[in-house]
Amino acid sequence: MTLFQTWWDAVVRGFTETHTTAVPLPALLGILACAVVLSIPRVTWRWFGLYVTFVHELGHAYAALMTGRFVHGLRIGLDHSGRLVSSGRSAFGAAWSGFWGYPAPAVVGLGLIAAFAAGRSGAAMSVGALILLVSLIFLRNLTGILVAVVSAAVAQLLILFAAPATMNYVVLALGVALSVGGVRDLFKLARVHTSRRDRIGASDAFILGRTTGLPAFVWLTGFTVVILGCAAASAWLLWGMLAL
């Protein structure tokens with residue numbers, strides 16, 4: 001059997017098998033603590049934030065594809081900046097794509113936690129592995145390529161070699177980390193609009209306000225509703241699955 005066939009069988013198996021894992025309270029608290037450590041201190045956020053930015057930019061990219069826009073490429077900077085270039089005739093498509101950057105980490109985080117709760121971590125990882133491989137064609141700078149290649153490689157290795165319990169905990173931990181990272185980015189964006197207005201030109205809310213005519217506050221409110229709504233739903237799922 002070739003390596004490709006082995007990999008593909010593992011991807012398909014992720015969609016057909018279900019595995020559940022009980023989460024004791026100490027384990028969940030440990031996962032939450034690790035997520036906070038990744039997202040709050042600058043020294044760790046410097047690196048984990050690159051992955052959150054990658055998910056943010058993929059949110060823009062796949063939202064653009066949903067409306068028939070053509071994605072020319074995306075870039076990620078070491079300073080956590082990102083830029084997606086897409087084209088299309090629809091004003092709605094441009095606004096739709098512009099909106100789904102900041103909410104993307106929280107939405108993906110909720111999806112991963114929900115997959116874990118349903119015993120479908122394998123399916124979540126298979127979907128993620130395929131998406132990450134496809135996403136490689138969008139990257140146009142070295143930092144973005146490195147983040148994408150490392151993310152895709154880790155996903156493929158997990159699919160091939162991870163035991164079901166290990167897969168479950170990785171999916172849960174990544175879901176929690178992305179949820180926390182998404183909330184952190186929301187506060188960072190709010191700070192740009194309140195106390196660091198010299199950077200406001202790069203804000204998605206400001207750009208959407210300028211291109212659609214709706215005030216940036218409306219877009220900030222939309223981001224907040226989606227991100228905090230996803231975080232609340234994630235917390236509710238985590239509370240419900242606790243094996244005390």
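Cut-offs used in this document
- Residues numbered from 1 in each chain as written.
- Predicted model: local features only at pLDDT ≥ 70, side-chain atom pairs only at ≥ 80, totals over all residues.
- Heavy atoms only, no water.
- 1 Å grid on protein atoms, 1.4 Å probe; cavity = no way out; pocket = protein on both sides within 12 Å on 5 of 7 lines; lining within 4 Å.
- Points joined across faces, edges and corners; volume = space filled by probe spheres on them.
- Helix = DSSP H or I, 4+ residues; strand = E, 2+ residues; numbered from the N terminus.
- Buried < 20%, exposed > 50% of the residue type's maximum accessible area, 1.4 Å probe, protein only.
- Polar contact = N/O pair within 3.5 Å; in protein donor to acceptor, adjacent residues only side chain to side chain.
- Contact = heavy atoms within 4.5 Å.
- Core = buried A, V, L, I, M, F, W, Y, C linked by side-chain atoms within 4.5 Å.
- Expected span 1.5 Å × (residues − 1).
- Phe/Tyr/Trp six-rings, centres within 6.5 Å; stacked < 30°, edge-to-face > 60°.

Draft legend 1. Representation of the layout of surface pockets within the structure. Empty space within the largest pocket amounts to approximately 1300 Å³. For the largest pocket, the lining is made up of 38 residues, of which His80, Ser81, Gly82, Tyr102 and Ala202 are closest to its centre. Mapped by element, the contributors of at least two residues to the lining of the largest pocket are helix 3 (42-66), strand 2 (82-87), helix 4 (91-99), helix 8 (164-194) and helix 9 (204-212). The greatest single-element share of the lining of the largest pocket, amounting to 8 residues, is contributed by helix 3. Its boundaries defined by the atoms lining it, the second largest pocket holds a volume of some 1000 Å³. What lines the second largest pocket is a set of 37 residues, among which Tyr51, Val55, Val108, Leu112 and Leu174 lie closest to the centre.

Draft legend 2. Seen up close, unusual backbone geometry. In this model, His80 sits at a positive phi of 75°, which is unusual for a non-glycine residue. Looking at the element boundaries, His80 is found in the loop between strand 1 (70-76) and strand 2. On the accessibility criterion, His80 (16% relative accessible area) is buried.

Draft legend 3. The side chain of Asn141, seen in detail. With respect to the helices and strands, the residue Asn141 is situated in the loop between helix 6 (121-135) and helix 7 (142-161). Of the polar contacts made by the side chain of Asn141, one reaches the backbone nitrogen of Gly144; its length is 3.3 Å. Setting aside chain neighbours within four positions, we find Asn141 in contact with Leu74, Arg75 and Ile76.

Draft legend 4. A look at helix 4. Where helix 4 is concerned, the buried positions are Gly93, Ala95, Ser97, Gly98 and Phe99. Against the buried residues of helix 4 lie helix 3, strand 2, helix 9 and helix 10 (216-241). Structurally, the start of helix 4 carries an N-cap: the backbone nitrogen of Phe92 is 3.2 Å from a side-chain oxygen of Ser90.

Draft legend 5. Representation of the nonpolar core in the model. Counting residues in hydrophobic clusters, the biggest one holds 48 residues, and the most contacted among them are Phe54, Leu74 and Leu172. In terms of residue count, the dominant contributor to this core is helix 3 (10 residues). Residue contacts for Phe54: discarding those within four places in its chain leaves Ile76, Leu132, Ser135, Leu139, Val147, Ala148 and Ser151. Ala95, Tyr102, Ala205 and Ala216 belong to the second-largest nonpolar core, a separate cluster that totals 15 residues.

Draft legend 6. A look at helix 10. In this model helix 10 runs 38 Å from its N-terminal to its C-terminal C-alpha over 26 residues, within 8% of the 38 Å that 1.5 Å per residue would give. All of the buried residues along helix 10 are Ala216, Trp219, Leu220, Phe223, Ile227, Cys230, Ser234, Leu237, Leu238 and Met241. Looking at the buried residues of helix 10, the elements they touch are helix 2 (25-39), helix 4, helix 5 (104-117), helix 8 and helix 9.

Draft legend 7. Expanded view of the packing of aromatic side chains. One pass over the full model with this rule turns up 11 aromatic pairs. Considering the side-chain rings of Phe4 and Trp7, the 5.6 Å spacing of their centres and the 40° angle between planes classify their relative orientation as tilted. Of this pair, Phe4 and Trp7 both sit in helix 1 (residues 3-16), separated by 3 residues, roughly a single helical turn. By relative accessible area, Phe4 is classed as exposed at 54%. According to the relative accessible area criterion, Trp7 is buried, its value standing at 13%. Look at Phe99 and Phe223: their rings are 5.1 Å apart centre to centre, the planes differ by 40°, and that puts the pair in the tilted class. Taken together, the residues span a long stretch of sequence, with Phe99 in helix 4 and Phe223 in helix 10 at a distance of 124 residues. Of the residues examined, Phe99 reaches a relative accessible area of 11% and is grouped as buried. The exposure class of Phe223 is buried, given its relative accessible area of 0%. Each residue in the set Phe92, Trp96, Phe99, Trp100, Tyr102, Trp219 and Phe223 is aromatic and connected to the rest through ring pairs, giving one cluster.

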